[in-house]
Amino acid sequence: MYLGLDLGTSGVKALLIDDNQKVVGSASGAMDVSRPHPGWSEQDPAQWVRATEEAIAGLKVSHPKELAAVKGIGLSGHMHGATLLDDQDKVLRPCILWNDTRSAAQAAALDADPQFRALTGNIVFPGFTAPKLVWVAENEPDIFAKVRWVLLPKDYLRLWLTGEHISEMSDSAGTSWLDTGKRAWSDSLLSATGLERRQMPDLVEGTEQGGMLKGDLATKWGMGANVVVAGGAGDNAASACGMGTVGEGHAFVSLGTSGVLFAANSSYLPNPESAVHAFCHALPNTWHQMGVILSATDALNWHSGVTGKSAADLTAELGDSLKAPSGVTFLPYLSGERTPHNDAAIRGVFAGLGHESSRVVLTQAVLEGVSFALRDSLEALKAAGTNLSRVTAIGGGSRSRYWLKSIATALGLPVDVPADGDFGAAFGAARLGLVAATKADPLSVFTAPATAETVQPDAALSGAYEDAYQRYRRLYPAIKSATQN
């Protein structure tokens, strides 16, 4: 058996798979987030340990024999969090999370230093780890002076599990300290934030061994000796391992609260000017790119709240047959936008409204707006040298057939819909645990799920969609100054 542990913002999921990668059980433990000031988002790492204990205790009750047979553990976790430890491995302050924006000024200052984009291949976003340490140095100097270790959230769990200070490439690529092409810490980037390499964990690949489970925990959970803990992955890379999105040209589109267009690459292809993320993947000599939009199903949920109709009812009113764009355009920038604009202040808009603009027309525009935002990410990936031939759809929004047709037509790509199953980050983490423990060929393990159906672009509407996309593109510069203070 192999155990995947996924540390999410709201909980830890523990998932067991067998040698055939069949899911045999799962359990979870809940957590909460502290927001002591506007824009702050923090978590006590003790919650991560407690929630993991809860999840594994649940498996010990429901699947004790399977838990006892675990040979490998894989870790996945939310990225960018700054977990600060002293020389006794004691936590110095609550972890500053990925969605904390207090360090916007520090991020802008670091991003103005050309070496950061040159070496990391990414914009220094406020959510990344490095600007958070600069904020601590400027605002909590007593704490900064005591920092012996900076760990990412899942790697703090690893420290508890193994006693080792180790991270891996995919998560570390989101710190703004990694030379992403060389897959190594950069001394010059660390120095620019007042840190040294000795304060960073050792680096392994996600598929490699990253410690062994401590004997006392193995005994407590009824496991045997020599349980391998894999390097693991950041949450998106772990999800890609679960989806089989690891080979050149493989890609998925995630329609969750936010939207992600994720592409695996066999070479390092940065293009920070387009706000594409270029990170290491969890496999050796493999990278990935992500276009990220901040409101995907969030945009439909907002529209649902305004109209008083459920999201399911709204999409049902559209029917299954794709309609030509009506002339009403929606920009889904309800909380700013990342790819391609890197603009936290921009806000959304409906344009082209007329007396005939019904609720159905507005719903159609909302879905199209998200589809066109994902097209922006596709164009950004193309500018970075990545060309896709198809994508797999995951996330709650992918249950809408109309939306899938809209996305396929906006992207000009077939969209594969996977058969039912659990292919998320916890599953990907369990797969990483399997590879690290057995030294199996990763490509033979990280296979794609069966495809239930493929949604093709609507060729009859491709011209109308292209015209609507160009109209969508013209709106951002037109409204930029009108929607910002």
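Structure shown above.
An account of the accompanying structure is given in this report. (Residues numbered from 1 in each chain as written. Predicted model: local features only at pLDDT ≥ 70, side-chain atom pairs only at ≥ 80, totals over all residues. Heavy atoms only, no water.)

1. Regarding helix α13 (residues 311–318)
Phase 1: Buried residues of α13: Leu314, Thr315 and Leu318, and no others. Across the axial projection of α13, the buried residues extend over an arc of 90°, all falling on one side. Those residues of α13 that are exposed and angled more than 90 degrees off the buried face are Ala312 and Ala316.
Phase 2: Against the buried residues of α13 lie α12 (297–307), α14 (359–383) and α15 (401–411).
Phase 3: Gly319, located one to two residues past α13, shows a positive phi value of around 75°. (Buried < 20%, exposed > 50% of the residue type's maximum accessible area, 1.4 Å probe, protein only. Helix = DSSP H or I, 4+ residues; strand = E, 2+ residues; numbered from the N terminus. Arc of directions from axis to C-beta. Contact = heavy atoms within 4.5 Å.)

2. Some thoughts on the nonpolar core
Phase 1: Ranked by size, the top nonpolar core spans 64 residues in total, and within it Leu133, Trp177 and Phe446 carry the most contacts.
Phase 2: Among the elements that line this core, the one with the most residues is helix α16 (residues 425–438), at eight residues.
Phase 3: In this structure, Leu318, Val361, Leu404 and Val415 belong to the second largest nonpolar core, which totals 52 residues. (Core = buried A, V, L, I, M, F, W, Y, C linked by side-chain atoms within 4.5 Å.)

3. Concerning the pattern of salt bridges
Phase 1: Taken as a whole, this structure holds 22 salt bridges when the rule is applied.
Phase 2: Put simply, Glu42 and Arg93 hold a salt bridge, and the shortest N to O gap is 3.1 Å. Within this pair, whereas Glu42 is found in strand β4 (residues 42–43), its partner Arg93 is found in the loop between β6 (83–85) and β7 (95–96), the two being separated by 51 residues in sequence.
Phase 3: Here Glu168 ties to Lys154 by a salt bridge, and the two come within 2.9 Å at their closest N and O atoms. Of this pair, Glu168 sits in strand β9 (residues 166–168) while Lys154 is found in helix α7 (residues 153–162), placing the two residues 14 residues apart along the sequence. Considered together, Glu168 and Lys154 belong to a single accessibility category, that of buried residues.
Phase 4: What emerges from the salt-bridge pattern is a single network uniting Glu42, Arg93, Asp100, Arg102 and Glu140. (Salt bridge = Lys/Arg side-chain N within 4 Å of Asp/Glu carboxyl O.)

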